[in-house]
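# Tertiary structure, described
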Amino acid sequence: MGSVLLTGGTGFIGSHTAVELLLAGRDVVLLDDLSNSEAGVAERIGRIAGRQPPFVRADAADRRALRRVFLDWDIEAVVHFAGFKAVGESAARPLAYYRNNLDSALSLLETMAEFGCRRFIFSSSATVYGERCPVPYREDMPAGDCSSPYGRTKYMIEEILKDAAAADGSLSVVLLRYFNPIGAHESGLIGEKPSGIPNNLMPYITQVAAGLRPRLNVFGNDYPTRDGTCVRDYIHVTDLARGHLAALGFAEAHRGTEIFNLGTGRGFSVLEVVRAFGEATGQPVPFEFAPRRPGDLPEFYADASKAEAVLGWRAEKSLADMCRDSWRWQQNALKQD
Ligand code: NAD
Ligand code: UDP
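The written sequence of each chain sets the order in which its residues are numbered from 1. Whichever chain is written first is A, and whichever ligand is written first is 1; the rest continue in order. Only residues with pLDDT of 70 or above have their local features reported here, since the model is predicted, and side-chain atom pairs are shown and tallied only from 80 upward, although totals for entire chains, interfaces and linings are computed over all residues. As a rule here, side-chain values come from all non-hydrogen atoms in the structure, and water together with hydrogens is ignored.

Nearness of a residue to a molecule or strand requires only that one of the residue's heavy atoms be within 4 Å of it. Among the 15 residues in the neighbourhood of ligand 2, the closest are listed as N217, C230, R232, R293 and D296. Two N or O atoms form a polar contact when they lie within 3.5 Å of each other; inside protein one atom must be a possible hydrogen donor and the other a possible acceptor, and for residues adjacent in sequence the pair counts only when both atoms belong to side chains. Within the backbone of N217, a nitrogen or oxygen atom sits 2.7 Å from a nitrogen atom of ligand 2. Between an oxygen atom of ligand 2 and a side-chain N or O atom of D296, the distance comes to 2.6 Å. Surface accessibility in these figures is a Shrake-Rupley result with a 1.4 Å probe; residues are shielded only by whichever protein chains are displayed. For ligand 2, the protein covers 88% of the area, taking 520 Å² as the surface of the free molecule. Those elements giving two or more residues to the shell around ligand 2 turn out to be α7 (201-209) and β8 (216-219). Numbering of helices and strands runs from the N terminus; a helix is a DSSP stretch of H or I covering at least four residues, while a strand is a stretch of E covering at least two. The dominant element in the shell around ligand 2, judged by the number of residues it contributes, is β8, at four residues. When grouped by side-chain class, the residues that make up the shell around ligand 2 number eight nonpolar, four polar and three charged. All amino acids are sorted into three groups, where Ala, Val, Leu, Ile, Met, Phe, Trp, Tyr, Cys and Pro are nonpolar, Asp, Glu, Lys and Arg are charged, and the leftover types, Gly among them, are polar.

In this description, a nonpolar core means a group of buried Ala, Val, Leu, Ile, Met, Phe, Trp, Tyr and Cys residues linked to one another through side-chain atoms lying within 4.5 Å. For each residue, the accessible area found with a 1.4 Å probe, counting protein chains only, is set against the maximum for its type, and the residue is called buried under 20%, exposed over 50%, and partly exposed in between. In this structure, L6, I121, V174, L176 and W313 are the most contacted members of the largest nonpolar core, which totals 38 residues. Sort the elements by how many residues they give to this core and helix α8 (residues 237-253) lands first, with seven residues. For L176, the residues in contact, after removing those within four places along its chain, are I121, F122, S123, S124, S125, H244, A247, F260 and L262. Formed by 27 residues, the second largest nonpolar core is a distinct cluster that contains A65, L102, L108 and I259. In this description, contact between two residues means that some pair of their heavy atoms is separated by no more than 4.5 Å.

Using a 1 Å grid laid over the protein atoms alone, points where a 1.4 Å probe fits but cannot get out form a cavity; open sets with protein on both sides within 12 Å along at least 5 of 7 lines form a pocket; any residue with an atom within 4 Å of a point counts as lining. Grid points are joined across faces, edges and corners, and a volume is the space filled by probe spheres set on the points. Space inside the second largest pocket adds up to approximately 220 Å³. Forming the walls of the second largest pocket are 16 residues, and the residues nearest its centre are E192, P194, T206, W329 and Q330. Breaking the lining of the second largest pocket down by element, the ones donating at least two residues are α7 and α11 (319-336). Taken together, the residues that form the lining of the second largest pocket break down as eight nonpolar, five polar and three charged.

Right, here's the structure in full:
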């Protein structure tokens, strides 16, 4: 068996996926330009998994660097995590987002064709469902009505991959639409390290609990939800990582394009997450209500039944696990700084 190339392999989801693949006996090659992660993550992945994966520092849009990787290793599948992901920043720097996210996908596809590598797993997002889809989101709902340039890059790459698979019957494409990944590896060695002020809920909560920020701003308390705050489908990053292992197995046996939601199928409100965090960790999270954040949808969560039926995968970890592991990671991150 060859190796699985993980672009963005030292990032939040890529690093956890690397651990799960290594523990399952797969060989992986990590590729990352370190624009949003640190080289030390590669070593920590090796420490958790008990064997060190090779790490290549390169831009996933750089065809020469990619050719080098495909020459040096027998790459049998690519899981493409690399990309810019900040929704707000994508509105301010749309060209940087289109360039980085689209270019890397195209360069990978071209290089894979050259080397006969025919399996592509893509990190897409629930954001492609957009405003008009009713919840729970199902894979057969019409997508593309995205509210940010970031979301549009995901949708465009999905379309590019579908076209590529339609034109080449030997290609196997799996589009994974992630819901809201939080948590960290239970070892406390890897997790999400936002640079600057966190945009996302859980990193903000852990920084408040650690005393780095005075309080959480809860964006909006007048949404048409059970307590007025937004509802999301939070999934433990280790569960999400294991979904990739299942998707790789699927890609080995199928051709064409298949889409899977990776979520738990259950939504929690912002206030429910704040409460769960306090209960799971014993750390109170002071908060105050703030105006709605532009672009936020009131409520979305997955219909997770297709992944369970077809991939045999479902999320196992609880919201309490997610809170505890996020908090452990936050405490370790403080020690490392
Ligand atoms: P992350 O920023 O932690 O990881 C992405 C990694 O890609 C980083 O390590 C970064 O340095 C690297 N990278 C960026 N551009 C690159 C390039 N051109 N070449 C090489 N490396 C590059 O983000 P993440 O949370 O692990 O997300 C992984 C993927 O999942 C992304 O594509 C993201 O859009 C998608 N996704 C994330 C979420 C989420 O909430 N975290 C939700 C849905 C989808
Ligand atoms: N949120 C919040 N305060 C914050 C960050 C996020 O109230 O400091 C809310 C946000 O409005 C959304 C939910 O938490 O309803 C999840 O936001 P996140 O950015 O983590 O994920 P999104 O679903 O927007 O991708």
